[in-house]
Amino acid sequence: MAPSHDEGAPLGPSYLDAERGLWSWLTTHDHKRIGVMFLAVLLLMFLLGGVFALALRVELLTPGETVMGRLAYNRAFTVHGVVMVWLFLIPSIPASFGNFLLPLMLGARDVAFPRLNLASFYLYVLGAVMTLWGIFQGGVDTGWTFYTPYSTATGRDLLPVLVGVFVVGFSTILTGINFITTVHTMRAPGITWMKVPLFVWALYGTSIIQVLATPVLGMVLVLVALERVAGAGLFDPARGGDPLLYQHLFWFYSHPAVYIMVLPGMGVISETVCAFSRKRPFSYRVIVWSTVGIAFVGFLTWGHHMFVSGQSTFGAGAFSLLSMLVAIFTAMKIFTWLGTLYRGSLWVSTPFAYVLGFIFLLFFGGMSGVAVAVTSADLHWHDTYFVVAHFHFIMVGASLMAFLAALHYWFPKMWGRRYPEGMGIGTAVLIIFGFIATFLPQFLLGNQGMPRRYADYPESFQPLHVASTAGASLLGFGFVIVAIYLGWSLRYGSVAGRNPWGSEGYEWLSDSPPPEFNFHAPPIFPRPPHEYGPPRADGEVDHAA
Amino acid sequence: MPHEGGARPVAPGASHFGDESSRQDAAHLGMWIFIATEVLLFAVLFTAYAFYRLTYPEVFQQGPAHMDVFLGTLNTFVLVSSSILVALAVDAVRGGKEFVSAALLALTVVMGIAFLSIKAAEYAKHVRDGALPGAWYAYEAFAAPGANLYFTLYWVMTGVHAVHVLVGVGVLVTLMLRTLSGELGARFHTPLELGGMYWHLVDVVWLFLWPLLYLA
């Protein structure tokens with residue numbers, strides 16, 4: 001792939017050309033190559049999880065049995081959940097774009113521990129293979145939460161899946177350690193804490209959650225494994241144990257895990273919203289501190305998963321209140337993004353379309369989150385499609401939109417090529433529309449009482465299920481188009497040049513694609529990372545492109 | 001070229017850190033974060049212990065009477081002394097006394113193995129008594145409801161800890177060999193410091209397990 005020609009002769013081979021051959025990739029310590037390898041495997045996982053999502057939607061097209069029996073349905077939603085949550089969403093943005101960009105954005109040559117970084121990739125692959133092997137050979141039907149006592153009593157072989165997810169968790173921890181250390185010790189001279197790019201701040205907050213929460217999950221999975229192997233009894237009422245302890249420990253990890261999924265996405269949006277409004281962030285500090293706030297409060301909300309489990313009224317009230325605090329920090333972020341857009345010189349591009357989709361869907365999903373955080377309302381909605389719709393709005397509507405925004409925004413940086421912008425915008429509209437058509441009906445279904453995890457339903461729910469399945473088909477179709485035009489652009493896209501968006505982000509100071517050690521010379525960063533010039537009196541700002 | 005002025009070429013393959021001290025800072029910070037994750041790993045077990053101690057207060061007070069307090073306390077002495085030895089080994093290598101350091105590490109390893117042997121002797125006794133975890137629990141002398149959970153937690157907590165001791169012994173053996181081979185010395189000893197930190201963590205965790213399981 002040719003490096004950019006628009007700024008004189010190429011200065012040296014890019015990270016893609018520095019070494020050749022499959023072996024040089026598999027043994028690389030280059031954070032950019034590791035990020036790209038993560039991206040490739042993650043997209044494969046996304047495809048797998050997506051295929052099973054569509055299979056579920058097809059089964060739900062008609063009441064009664066459509067294409068699979070009830071056991072097969074349970075297994076299918078387990079594959080969908082396990083793959084999407086553990087193998088795609090949790091590692092998605094940090095492991096791929098985080099790995100690729102974090103050192104670039106800090107002016108560093110690599111992450112602090114490059115070998116650990118590669119180990120993290122192989123642990124992830126190992127864990128993913130074990131999980132998938134386990135899930136398919138065992139026909140696991142527990143859902144992605146492995147709730148006891150069902151997970152200790154089901155006849156399916158759960159052990160490889162538990163170990164696989166444990167190993168993936170280890171990979172997450174190593175990435176988190178690497179990122180925190182890199183941010184602390186590898187910032188180029190001049191990048192003070194308040195000049196750290198917002199995406200890096202988001203990754204930093206995410207890493208703290210990863211490092212503090214994932215060990216808890218790991219130990220819980222070990223205990224469930226012991227429960228299955230030795231009948232440990234800790235979660236088994238027949239032996240004096242308490243299944244609710246499992247739920248507490250599980251959600252102590254898995255609720256913060258939602259912020260592991262969504263915080264990096266918020267970081268992507270904070271970057272792109274500035275780039276495509278040609279404006280400084282409305283308030284850099286508010287974005288930073290709300291990131292830290294979400295990372296902190298995220299640890300105090302797990303009990304809202306147990307409002308109907310016989311939790312004390314006081315406990316439920318406290319968790320309800322603490323859960324709502326997250327909405328305040330999220331609202332601060334949405335406010336700053338809108339403030340950045342306001343009177344900005346908006347550049348309607350593909351990433352920008354996903355930014356708008358993200359803001360709308362996060363707002364909608366977040367507000368429905370406040371609704372289910374109300375204990376009395378949750379009694380009605382608990383374990384219905386309302387909750388399904390809510391968490392899909394956050395985890396798909398927000399995390400996935402941000403993932404797509406990142407995929408398009410940094411595509412020229414990663415490959416040195418551009419993709420057809422018209423196709424991109426059109427597909428973005430299709431995907432956002434498909435998303436709303438899929439999950440909006442599910443709010444209505446849930447409110448009418450359709451429980452989650454059921455393969456069958458009464459006749460009266462069918463119209464909404466048909467609408468949802470139709471939306472899911474559009475969504476799937478949209479992803480196929482994205483895959484086709486991005487795949488095509490990898491080879492045939494026009495050469496991008498160093499900075500096709502005219503962005504002020506530090507990562508664009510390097511070539512596209514960047515050279516092996518990121519910068520040809522030690523970079524000097526005299527200005528903050530989002531220093532778009534002040535708007536002129538008439539509110540117009542130059543487009544650099 | 002973005003920054004022509006004063007640009008110096010970056011040698012490929014050179015250390016990606018600006019200088020040696022920031023490399024050491026990074027290594028130490030990384031280790032401290034790793035230790036934090038280890039603490040949280042054990043925190044789950046301490047949470048479960050607290051939860052079941054509240055549920056079965058009598059059982060958890062009577063439980064230690066069925067433990068070998070002498071062996072448990074002896075193990076505490078073994079581990080604390082080994083922690084001192086590791087600290088001395090780090091001090092020795094900083095002062096350029098590589099051989100002394102390696103000898104101290106060897107002593108630490110011996111103590112780690114002694115700890116594991118004592119633990120194994122205790123486990124053997126529990127197996128004879130039938131004081132096994134979970135469904136295998138068959139200890140007739142202590143059959144109150146919840147006693148099985150006390151022993152399950154005992155096995156899981158000390159078992160996870162023993163795995164850490166085993167890993168620590170492996171780490172220390174590697175460090176000893178690297179010191180003897182001249183790779184670690186007065187000029188470069190970061191791995192030895194990190195290994196020492198890990199061994200102290202193992203020690204500190206035991207200092208919480210010991211009172212909870214043997215003395216309470």
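Residues numbered from 1 in each chain as written. Chains lettered and ligands numbered in written order. Predicted model: local features only at pLDDT ≥ 70, side-chain atom pairs only at ≥ 80, totals over all residues. Heavy atoms only, no water.

Description of the overall build of chain A
And then number 1: Scanning chain A from terminus to terminus reveals 17 helices and zero strands.
And then number 2: For 545 residues, the compact-globule estimate of 2.2 N^0.38 gives 24 Å, and the C-alpha radius of gyration of chain A, at 23 Å, lies within 12% of that figure.
And then number 3: Taking the principal axes of its C-alpha atoms as reference, chain A extends roughly 70 × 50 × 45 Å.
And then number 4: At a minimum sequence separation of 6, the contacts of chain A that also span at least 24 residues come to 82%. (Helix = DSSP H or I, 4+ residues; strand = E, 2+ residues; numbered from the N terminus. Rg over C-alpha atoms; globule rule 2.2 N^0.38 Å. Contact = heavy atoms within 4.5 Å.)

Description of the nonpolar core
Residue and element names in this part refer to chain A.
And then number 1: Among the nonpolar cores identified, the biggest contains 242 residues, and Trp86, Phe97, Phe146, Phe358 and Trp410 are the most heavily contacted of them.
And then number 2: Ranked by the residues each element gives to this core, the list is headed by helix α9 (residues 243-277), at 20 residues.
And then number 3: The contact partners of Phe97, leaving out residues within four places of it in the chain, are Leu39, Ser92, Leu102, Phe199, Phe403, Ala406, Leu407, Trp410 and Met414. (Core = buried A, V, L, I, M, F, W, Y, C linked by side-chain atoms within 4.5 Å. Buried < 20%, exposed > 50% of the residue type's maximum accessible area, 1.4 Å probe, protein only.)

Focus: the UniProt feature "domain: Cytochrome oxidase subunit I profile" (unreviewed entry) in chain A
And then number 1: Under the feature "domain: Cytochrome oxidase subunit I profile" (unreviewed entry), the UniProt entry names residues 17-526 of chain A.
And then number 2: Helix makes up 70% of residues 17-526 of chain A and strand 0%, with an end-to-end C-alpha separation of 30 Å. (UniProt positions renumbered as here; feature names shortened; annotations may be inferred.)

Some words on the packing of helix α3 (residues 69-94) of chain B against helix α6 (residues 190-215) of chain B
Residues and elements named next belong to chain B.
And then number 1: Following both chains from N to C, one finds α3 and α6 inclined at 165 degrees, their axes separated by 9 Å at the closest point. As summarised for this structure, α3 and α6 are arranged roughly antiparallel, according to the angle between their axes. Considering only the axes of α3 and α6, their crossing is left-handed.
And then number 2: In terms of residue class, the contact of α3 with α6 is made up of 16 nonpolar, eight polar and three charged. (Axes fitted to C-alpha atoms, helices over the stretch in contact; angles between N-to-C directions. Parallel < 35°, antiparallel > 145°, perpendicular 65-115°, else oblique. Left-handed = near helix turned anticlockwise from the far one by under 90°. Nonpolar A, V, L, I, M, F, W, Y, C, P; charged D, E, K, R; others polar.)

Describing the packing of aromatic side chains
Residue and element names in this part refer to chain A.
And then number 1: A complete count under the given rule lists 64 aromatic pairs over all chains for this structure.
And then number 2: Between Phe46 and Phe88 the ring centres are 4.9 Å apart and the planes differ by 35 degrees, which places this aromatic pair in the tilted class. Separated by 42 residues along the polypeptide, Phe46 in helix α2 (residues 31-59) and Phe88 in helix α3 (residues 70-89) bring together distant segments of the chain. Each of the two residues, Phe46 as well as Phe88, counts as buried.
And then number 3: For the pair Phe88 and Phe403, a centre-to-centre distance of 5.3 Å together with 75 degrees between the ring planes defines the contact as edge-to-face. A residue pair is termed long-range when its members are at least 10 positions apart, and Phe88 in helix α3 and Phe403 in helix α14 (residues 385-409) qualify at 315 residues. Neither residue differs from the other here; Phe88 and Phe403 are each classed as buried.
And then number 4: For the cation-ring pair, Arg109 lies above Phe517, with the distance from its terminal atom to the ring centre recorded as 5.8 Å. (Phe/Tyr/Trp six-rings, centres within 6.5 Å; stacked < 30°, edge-to-face > 60°. Lys NZ or Arg CZ within 6 Å of the ring centre and 35° of its normal.)

What about α14(A)?
Residues and elements named next belong to chain A.
And then number 1: The end-to-end C-alpha distance of α14, which contains 25 residues, comes to 33 Å, matching closely the 36 Å that a straight helix rising 1.5 Å per residue would cover.
And then number 2: Maximum bend of α14: about 30 degrees, positioned at His392.
And then number 3: Counting buried positions along α14 yields 24 of 25 residues, so the element is predominantly enclosed. (Expected span 1.5 Å × (residues − 1). Bend = angle between axes of the 7 residues up to and from the residue.)

Details of the pattern of salt bridges
And then number 1: Evaluated as defined, the whole model comprises twelve salt bridges over all chains.
And then number 2: A salt bridge links A:Asp511 to A:Arg498; the shortest N-O distance between them is 2.5 Å. Of the two residues, A:Asp511 is situated in the segment after α17 (462-492) and A:Arg498 in the segment after α17; the sequence distance between them amounts to 13 residues. A:Arg498 matches A:Asp511 in its accessibility class, with the two residues each being buried.
And then number 3: A salt bridge links B:Arg94 to B:Glu193, with the nearest nitrogen and oxygen atoms 2.9 Å apart. Placement of the pair is B:Arg94 in helix α3 and B:Glu193 in helix α6, with a sequence separation of 99 residues. (Salt bridge = Lys/Arg side-chain N within 4 Å of Asp/Glu carboxyl O.)

Brief notes about the interface of chain B and chain A
And then number 1: The partner chain A presents 44 residues to the 42 residues of chain B that form the contact.
And then number 2: Buried surface at the junction of chain B and chain A, summed over both partners, amounts to about 3600 Å²; 76% is from carbon and sulfur atoms.
And then number 3: Elements with a minimum of two residues in the side of chain B that touches chain A: α1 (20-55) and α5 (147-180) of chain B.
And then number 4: The element best represented in the side of chain B that touches chain A is α1(B), accounting for 17 residues.
And then number 5: Per-class residue counts for the side of chain B that touches chain A are 29 nonpolar, eleven polar and two charged. (Buried area = accessible area lost by both parts, 1.4 Å probe.)

Quick word on the UniProt feature "transmembrane region" (unreviewed entry) in chain B
And then number 1: As recorded in UniProt, the feature "transmembrane region" (unreviewed entry) lies at residues 29-52, 73-93, 99-118, 153-177 and 197-215 of chain B.
And then number 2: For residues 73-93 of chain B, the helix share is 100%, the strand share is 0%, and the end-to-end C-alpha distance is 31 Å.

Details of unusual backbone geometry
All names here are of chain A.
And then number 1: Between Thr148 and the following residue, Pro149, the backbone shows a cis peptide bond with an omega angle of 0 degrees.
And then number 2: Of note, the bond from Ser512 into Pro513 is cis; its omega dihedral lies within 30 degrees of zero at -10 degrees.
And then number 3: Inspection of the secondary structure assignment puts Pro513 in the segment after α17.
And then number 4: You will see that Phe146, though not glycine, has its phi angle at about 50 degrees, which is positive.
And then number 5: Its place among the elements puts Phe146 in the loop between α5 (114-138) and α6 (150-153).
And then number 6: Residue Phe146 is classed as buried on the basis of its relative accessible area, which comes to 0%.
And then number 7: Even without glycine at this site, Arg278 takes up a positive phi of about 50 degrees.

Some details on the packing of helix α7 (residues 159-185) of chain A against α1(B)
When two helices pack together, their arrangement is given by the angle between their axes and by how far apart the axes lie.
And then number 1: Taken N-terminus to C-terminus, the directions of α7(A) and α1(B) make an angle of 140 degrees; their axes are 9 Å apart at the nearest point. When the axis of α7(A) is compared with that of α1(B), the two are oblique. Read as a crossing pair, α7(A) and α1(B) show a hand that is right-handed. Residues A:Ile173, A:Ile177, A:Ile180, A:Thr181, A:His184 and A:Thr185 of α7(A) pack against B:Ser22, B:Asp25, B:Ala26, B:Leu29, B:Gly30, B:Ile33, B:Phe34 and B:Thr37 of α1(B).

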